[in-house]
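Per-entry structural report
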Amino acid sequence: MVAGAQSDNPWASESLAGAAAAIRARRVTPSELVRACLERIEIYNPKVECLYHRDA
Amino acid sequence: MNAFITVTREQALAEARVLDAEQAAGRLRSPLHGIPIALKDNIDTAGVRTTAASAVYDDRVPKEDAEVVRRLAAAGAISIGKLNLHEFANGGTSATSYFGPVRNPWDLRRNPGGSSGGSAAAVSAGLCYGALGTDTGGSIRTPASWCGIVGLKPTYGLVSIRGIIPLTLSLDHCGPMTRTVEDAAMMLHAMAGYDRLDIASVTHAKEDYLAALQQPVSALRVGIPRAPFFDHLDEDVAKAVEEALRVLAKLTRSQKDVMLPSTRETSLPGEMYAYHEEMYKRAATRYMIPTRNNLKRGAEAKASDYVRARWALELLRRTIDDSFQEIDVVALPTRRRSPRTVDDARKREESEKVRNPELENTQAFNAYGIPAISVPCGFTRDGMPVGLMLAGPRFSEGRLLSLAAAYQKATEWHTRRPPLQPDTPVPALAPTEGER
């Protein structure tokens, strides 16, 4: 069921509840979850597309 | 996708290290301990630029966190950044933003809905585990529906809106946007609660929304407000929603057609202008064209019209629970159509024509002030998500969450993720009037 967007990082396919359960079970740390999200932001949201400039 | 305006990388990693240490010591602040979330950029964050996606607030750095941000941080959630939106939350596509339009992760040519478009796109694409949105006329539920995620607009006043840049304060709500119903319940649990300094806030006994997920739903009576909410439905949306109603019929006690009261006399265009008056008079051209046009209309609004609309709104909110005497919830499509392309949305928004609100399903619930949740319920033939909206009387969040969770257990729509790949090409945009 899990499509391409989620397959590169195992934590990306987790729901919030799933990630919370992994924190409780100490299978993952908050830092690891933050890094997983930051990595995906770099891939899928690499730059701010600024179409309107202040001096325009 | 252009979902983020600001990514607070270093701050998030620093907070995470503190939460790592607490976890290692066996101290978890709440079920949200260490969970990365992101915030719509009209929600104030101390020391982090908060722009409302507008040139007007290009360099605005709040001194204090919004109350809801403070609550989530206390629960151990970690904000990783600020999400793009429709400028000042004043539109339903997120195509009008000073930082460029947001793209829909299911089809990058299309808009993600709005105004919380960045929130929906980020959650849908797995860039964070949950996001905050705001909803004045559908701004949580529309993008949730069009991006295939869950979006909950709570009862008016249940979640503090202090420290959130207002659109129409009498209709503004803040709520969670997540991939599952359980996730939304977890976030709402940390967000809800009275705030004396928020003039919209209401007192309500603390509820356990996670426990509510386990409540039985077999006795629930479902109302279907066919007129007018099912008029002119897109064929694929109709098919998905009718199938969802069949699933609900198996889970619940009964279904019958109902009518909800009209909200026609409750429009408050002057309220947005009240917040912007000084900035608009000083620098109207710093607003994007669609927002500027709306503010112009707001400036022309008469005080007597506003007062009458406010009276009508108060009466509607006092009496709306009467519509739920023979039913417990209503079920309807969140949106009647799929999202347009970003290009089409921008062209329409810059035209002076006032839009026809007849195809709007979300706005009435802001006037009623009752809770409403959008959950994924299928796809159109061209692969765009469809949302089902469930709404109930004031403070029925627990009931809505239990039914939405039961629906999610019976279906798998919420498990589908957008077919986005690192090399998915980003289609170019046509320039608009404002850019020439």
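Residues numbered from 1 in each chain as written. Chains lettered and ligands numbered in written order. Predicted model: local features only at pLDDT ≥ 70, side-chain atom pairs only at ≥ 80, totals over all residues. Heavy atoms only, no water.

Some points on the overall build of chain B
Condition: A run of H or I in DSSP becomes a helix once it reaches four residues, and a run of E becomes a strand once it reaches two; helices and strands are each numbered from the N terminus. Here the globule rule is a power law, 2.2 Å times the number of residues to the power 0.38, and the radius of gyration is based on C-alpha atoms. Each residue gets one of three labels from its accessible area relative to the maximum for its type: buried under 20%, exposed over 50%, partly exposed in between, using a 1.4 Å probe on protein chains only. Only heavy atoms matter for contacts: two residues are in contact if any of them lie within 4.5 Å across the pair. All accessible-area figures derive from a Shrake-Rupley calculation using a 1.4 Å probe, and residue coverage is judged against the displayed protein chains alone. Positive charge is attributed to Lys and Arg, negative charge to Asp and Glu, and no charge count is given to His or to the chain ends. By convention, the charge on Lys lies at NZ, on Arg at CZ, on Asp at CG and on Glu at CD.
Looking only at helices and strands, one finds 14 helices and eleven strands in chain B. For a compact globule of 436 residues, the expected C-alpha radius of gyration is about 22 Å, and chain B comes in at 20 Å, within 12% of that figure. Summarising its shape, the C-alpha atoms of chain B cover approximately 60 × 55 × 50 Å along the three principal directions. Evaluated residue by residue, chain B yields a buried proportion of 61% over its 436 residues. Of all intrachain contacts in chain B linking residues separated by at least 6 positions in sequence, the fraction that spans at least 24 positions is 77%. Element-wise, carbon and sulfur atoms account for 52% of the exposed surface of chain B, whose accessible area totals about 16,700 Å². A gap of 1 Å separates the mean positions of the 55 positive and 52 negative side-chain charges of chain B.

Digging into the overall build of chain A
Per the secondary structure count, chain A includes three helices and zero strands. Walking chain A from its N terminus toward its C terminus, one meets helices and strands in the order α-α-α. Burial analysis of chain A (56 residues in total) assigns 50% to the buried set. Of the roughly 2,900 Å² that chain A leaves accessible, carbon and sulfur atoms contribute 51%.

What about helix 9 (residues 269-283) of chain B?
Residue and element names in this part refer to chain B. Put simply, the rule reads: A helix's residues, less one, multiplied by 1.5 Å, set its expected span. Here the bend at each residue means the angle between axes fitted to two seven-residue stretches, the one ending at that residue and the one beginning there.
A rise of 1.5 Å per residue sets the reference length of helix 9, with its 15 residues, at 21 Å; its end C-alpha atoms lie 20 Å apart and thus fit the reference within 8%. A maximum bend of about 70° is found in helix 9 at His276. Here helix 9 has its buried residues at Glu271, Met272, Tyr273, His276, Met279 and Tyr280. Taken together, the buried residues of helix 9 touch helix 10 (289-300) and helix 11 (303-319).

Considerations on the packing of helix 3 (residues 30-44) of chain A against helix 1 (residues 9-24) of chain B
Note the following rule: All axes here are fitted lines through C-alpha atoms, helices being fitted over the stretch that makes contact, and every angle between N-to-C directions spans 0 to 180 degrees. Here the word oblique covers every angle except those under 35 degrees (roughly parallel), over 145 (roughly antiparallel) and from 65 to 115 (roughly perpendicular). Only Asp, Glu, Lys and Arg are considered charged, only Ala, Val, Leu, Ile, Met, Phe, Trp, Tyr, Cys and Pro nonpolar, and every remaining residue, Gly among them, polar.
Two elements in contact, helix 3 of chain A and helix 1 of chain B, have axes separated by 7 Å at closest approach and are oriented at 155°. In terms of orientation, helix 3 of chain A and helix 1 of chain B fall into the roughly antiparallel class. Residue-level inspection shows Pro30, Ser31, Val34, Arg35, Leu38 and Glu42 of chain A of helix 3 of chain A in contact with helix 1 of chain B, the latter providing Arg9, Ala12, Leu13, Ala16, Arg17, Leu19, Asp20 and Gln23 of chain B. Here the contact of helix 3 of chain A with helix 1 of chain B is composed, by residue class, of seven nonpolar, two polar and five charged.

So, the interface of chain A and chain B
Buried accessible area, meaning the area lost when the parts come together, often serves as the stated size of an interface. Convention followed: Buried area is a sum: the accessible area each of two parts loses on coming together, probed at 1.4 Å, counted once for each and added. We define a salt bridge as a contact between a side-chain nitrogen of Lys or Arg and a carboxyl oxygen of Asp or Glu at a distance within 4 Å.
Contacts between chain A and chain B engage 40 residues on the former and 62 residues on the latter. Carbon and sulfur atoms supply 61% of the area buried between chain A and chain B, which totals about 4,200 Å² over both sides. A salt bridge links Arg9 of chain B to Glu42 of chain A, with the shortest nitrogen-to-oxygen separation between them at 3.0 Å. If you list the elements that add at least two residues to the side of chain A that touches chain B, you get helix 1 (4-7), helix 2 (16-24) and helix 3 of chain A. Considering every element that reaches the side of chain A that touches chain B, the biggest residue donor is helix 3 of chain A, with twelve residues.

Some details on helix 11 of chain B
Residues lying three or four places apart along an α-helix face the same way, a consequence of the helix completing one turn every 3.6 residues. Compared with an ideal rise of 1.5 Å per residue, which puts 17 residues at 24 Å, helix 11 of chain B spans 25 Å between its outermost C-alpha atoms and is within 8% of the ideal. On its buried side, helix 11 of chain B packs onto helix 13 (364-368) of chain B.

Here we look at the sheet that holds strand 1 (residues 4-7) of chain B
Spelled out, the test is: DSSP calls a pair of strands paired once it identifies at least 2 bridges connecting them.
Taken together, eleven strands build an open sheet; the order of strands is 1-3-2-4-6-5-10-11-9-7-8 (chain B) and the sheet is mixed. Whereas interior strands pair on both sides, the edge strands pair on one side only; in this sheet they are strand 1 and strand 8 (254-257) of chain B. In this sheet, adjacent strand axes meet at a mean angle of 30° when their direction is disregarded. Here strand 10 (residues 372-379) of chain B runs beside strand 11 (residues 385-391) of chain B; their pairing, made up of seven bridges, is antiparallel. Across the sheet, residue Phe379 of chain B finds its bridge partner in strand 11 of chain B, namely Pro385 of chain B. Packed onto the sheet, helix 3 of chain A meets strand 1, strand 2 (36-40) and strand 3 (78-83) of chain B and runs at close to 20° relative to strand 3 of chain B.

Let's talk about the pattern of salt bridges
Residue and element names in this part refer to chain B. Considering all chains together, one arrives at 27 salt bridges over all chains under this definition. The residue Glu278 makes a salt bridge to Arg282 at a minimum N-O spacing of 3.0 Å. Placement of both Glu278 and Arg282 in helix 9 is noted, with a separation of four residues, approximately one turn of the helix. With a shortest N-O distance of 3.5 Å, Glu412 and Arg416 are connected by a salt bridge. The class for Arg416 is partly exposed, based on a relative accessible area of 29%.

Section: the side chain of Asp328 of chain B
All names here are of chain B. With respect to the secondary-structure elements, Asp328 resides in the loop between helix 11 and strand 9 (329-333). A relative accessible area of 12% places Asp328 in the buried class. Beyond its immediate sequence surroundings of up to four residues, Asp328 is in contact with Ala219, Leu220, Arg221, Gly392, Pro393 and Arg399.

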